[in-house]
Amino acid sequence: MSSSVLLMSMSLDGFIAGPNDVPGNPGGDGFMRLHKWYERADGEFGKPEGPAGVIWDELNATGAVLVGRRTAEQVDYYGGDHHGAPLFVFTQDPAPAAAAKYPAVTFATDIESAMAQAKAAAGDKDVLVHGAYTAQRALEAGVLDELQIDQVPVLFGQGRRLFDVLPDRIELDIVRVIDTPAATHIRYRVRR
């Protein structure tokens, strides 16, 4: 059975995006610092060498992606798919005309439906979840199963926080820790 897994790189003080996170500047100022752990020895972005490479493999083995509209629009809907997987966009608004050029992108107005559709499309593979708002709503609705947080040793001080607003305390179990010089990769399971 598939799991829904939030995958986010985050600063030690809880930021997933820097200041000025707006269209035209996705992720805000300094955003790539949070993803430097993806750098290979040759300086290119891709599967990191060493133990963190397992996270890259897991990301690319997911069967569907669930993302919020804001994130989807900032990255032009990942060009219509994310590593070949169908994309499901959680939004309260109708699909914009610009999204029509991507037939593998599906819009859903409630998080439960969005996750159900993504899990059905993923089959026995996991659903990759992106975006702070989407993660918060999925946690609130009880449809997010796991969190893969890549904790980067930097303090942003400002920007967009991952867990700014949650309705209640949510208990987590640590499933795995991969410690590298570039980041500490912690996988949690949401307690039910």
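For the structure, see preceding data.
Residues numbered from 1 in each chain as written. Predicted model: local features only at pLDDT ≥ 70, side-chain atom pairs only at ≥ 80, totals over all residues. Heavy atoms only, no water.

Trainee: Please explain unusual backbone geometry as it appears in this structure.
Mentor: Glycine aside, residues mostly have negative phi, and peptide bonds are mostly found in the trans state. With a phi angle near 50 degrees, D76 is a residue other than glycine that sits in the positive phi range. Along the chain, the position of D76 falls in the loop between α2 (69-74) and β4 (87-90). You can call D76 partly exposed: its relative accessible area is 35%. Phi is positive for H83, close to 50 degrees, though the residue is something other than glycine. By secondary structure assignment, the location of H83 is in the loop between α2 and β4. On the basis of relative accessible area, H83 is assigned to the partly exposed category, the value being 28%. (Helix = DSSP H or I, 4+ residues; strand = E, 2+ residues; numbered from the N terminus. Buried < 20%, exposed > 50% of the residue type's maximum accessible area, 1.4 Å probe, protein only.)

Trainee: How should the packing of aromatic side chains be read in this particular structure?
Mentor: For any pair of aromatic rings, the description rests on two quantities: the centre-to-centre distance and the angle between the ring planes. Per the counting criterion, the structure on display carries 7 aromatic pairs. Between W37 and Y38, the ring centres sit 3.9 Å apart and the planes meet at 25 degrees, which makes this aromatic pair stacked. Each member of the pair W37 and Y38 is classed as buried. Taken together through their ring pairs, the aromatic side chains of W37, Y38, F45 and W56 make up a single cluster. (Phe/Tyr/Trp six-rings, centres within 6.5 Å; stacked < 30°, edge-to-face > 60°.)

Trainee: Please explain helix α3 (residues 111-122) as it appears in this structure.
Mentor: Here α3 is 12 residues long and its end C-alpha atoms lie 16 Å apart, about the 16 Å a rise of 1.5 Å per residue gives. Within the span of α3, buried status applies to I111, A114, M115, A118 and A122. The buried side chains of α3 occupy one side of the element, clustering within an arc of 95 degrees when seen end-on. Looking at the buried side of α3, the elements it contacts are β1 (4-11), β3 (64-68), β4, β5 (105-108), β6 (127-130) and α4 (132-141). Downstream of α3 by one or two residues, G123 has phi in the positive range, about 65 degrees. (Expected span 1.5 Å × (residues − 1). Arc of directions from axis to C-beta. Contact = heavy atoms within 4.5 Å.)

Trainee: When you look at the sheet that holds β1 in this model, what are you seeing that I'm missing?
Mentor: Where strands meet in a sheet, backbone hydrogen bonds hold them as pairs that are either parallel or antiparallel. Strand order in this open sheet of 8 strands is β5-β4-β3-β6-β1-β7-β10-β9, and the pairing throughout is mixed. Each edge of the open sheet is held by one strand with a lone partner, namely β5 and β9 (172-179). Across the sheet, the axes of successive neighbouring strands diverge by a mean angle of 25 degrees, strand direction being ignored. Across 3 bridges, β1 lies against β6 in parallel orientation. If you follow L6 over to β6, its bridge partner there is V129. (Pairing = 2+ DSSP bridges. Axes fitted to C-alpha atoms, helices over the stretch in contact; angles between N-to-C directions.)

Trainee: Is there a simple way to explain the layout of surface pockets in this structure?
Mentor: To find leftover empty space, a probe the size of one water molecule is rolled over the atoms. Taken as a whole, the largest pocket encloses approximately 870 Å³ of empty space. Of all the elements in the fold, those that place two or more residues in the lining of the largest pocket are β1, β2 (15-17), α1 (53-60), α2, α4 and β8 (160-161). (1 Å grid on protein atoms, 1.4 Å probe; cavity = no way out; pocket = protein on both sides within 12 Å on 5 of 7 lines; lining within 4 Å. Points joined across faces, edges and corners; volume = space filled by probe spheres on them.)

Trainee: Help me understand the pattern of salt bridges, please; the structure alone is not making it clear to me.
Mentor: Within this structure, the stated rule accounts for 17 salt bridges. Notably, a salt bridge pairs R69 with E73, separated by 2.6 Å at the nearest N-O pair. Pair noted here: R69 and E73 are both in helix α2, with a separation of 4 residues, about one helical turn. Note on R69: relative accessible area 17%, which makes it buried. On the basis of relative accessible area, E73 is assigned to the partly exposed category, the value being 39%. A salt bridge links D145 to K119; its shortest N-O distance comes to 2.8 Å. Linking D145 in the loop between α4 and β7 (146-152) with K119 in helix α3, this pair joins segments that are 26 residues apart in sequence. The class of K119 is partly exposed, set by a relative accessible area of 25%. Via salt bridges that share partners, E58, D126, E146, R176, R187 and R189 belong to a single interconnected network. (Salt bridge = Lys/Arg side-chain N within 4 Å of Asp/Glu carboxyl O.)

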